[in-house]
Amino acid sequence: MSYWLMKSEPDAFGLDDLAACPDRTEPWDGVRNYQARNMMRDAMRPGDRILFYHSNCAVPGVVGIAEVASEAYPDSTAFDPEAKYFDPKSDPEKPRWYLVEVRYVRHLKRTVSLAELKAHADGALAGFPLVRNGNRLSVMPVTPDQWEFILDLESEADS
């Protein structure tokens, strides 16, 4: 099993939205970054665990856990001229963009904030892409040790 962090803006699609979906599952569409696409297409597998992260909000941070629910497949929003994520250079015969389906697992007991995660950037979370300056990826790998450390923070009081 691999571990991931996936960012979403709660005003657009948050963890509550995922929990309210049929079967608590939704395609993770609209990723238009090649590095993030490659991770979804080439490395994510059903059953992998996801830290669900809310960005661009009052308190950005990890808010819950989801899991990868499907193998990667072409993101059909790239082919639809009416879709928000349409890409005229993407072709159904040779897709440029892929997605995976994600399934809700649970909310964290509390948000583990970005500020709290950054406080550990020189320690347990050294090398974690999220705490590096300028990291804008919406999908990133998480090591098993980082996963356990972040979930351990869930039970601690905010500092």
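Chemist: Could you clarify how one ought to interpret the sheet that holds strand β1 (residues 3-8) in this entry?
Modeler: Backbone hydrogen bonds are what pair the strands of a sheet, in a parallel or an antiparallel way. With respect to topology, six strands assemble into an open sheet ordered β2-β7-β4-β3-β1-β8, the strand pairing being mixed. The open sheet terminates on both sides in strands that have one partner only, identified here as β2 (25-27) and β8 (139-142). The mean inter-strand angle of the sheet, taken between neighbouring strand axes irrespective of direction, is 35 degrees. One ladder, built from seven bridges, connects strand β4 (residues 61-68) with strand β7 (residues 101-113); its direction is antiparallel. Along β7, the bridge assignment pairs G61 with S113. Contacts from helix α5 (residues 144-154) reach β1, β3 (49-54), β4, β7 and β8 within the one sheet, and its direction differs from that of β7 by about 55 degrees.

Chemist: How should a negative patch on the surface be read in this particular structure?
Modeler: On the surface, D145, E148, D152 and E156 cluster together into a patch of negative charge. Positionally, E156 belongs in the segment after α5.

What counts and how
- Residues numbered from 1 in each chain as written.
- Predicted model: local features only at pLDDT ≥ 70, side-chain atom pairs only at ≥ 80, totals over all residues.
- Heavy atoms only, no water.
- Pairing = 2+ DSSP bridges.
- Helix = DSSP H or I, 4+ residues; strand = E, 2+ residues; numbered from the N terminus.
- Axes fitted to C-alpha atoms, helices over the stretch in contact; angles between N-to-C directions.
- Contact = heavy atoms within 4.5 Å.
- Patch = residues over 30% accessible without salt bridge, like charges linked within 9 Å, V, L, I, M, F, W, Y side chains within 5 Å.
- Areas by Shrake-Rupley, 256 points an atom, 1.4 Å probe, with all protein chains shown as cover.
- Salt bridge = Lys/Arg side-chain N within 4 Å of Asp/Glu carboxyl O.
- Lys, Arg positive; Asp, Glu negative; His and termini not counted.
- Charge placed at Lys NZ, Arg CZ, Asp CG, Glu CD.

Any functional reading would require information beyond the geometric quantities listed.
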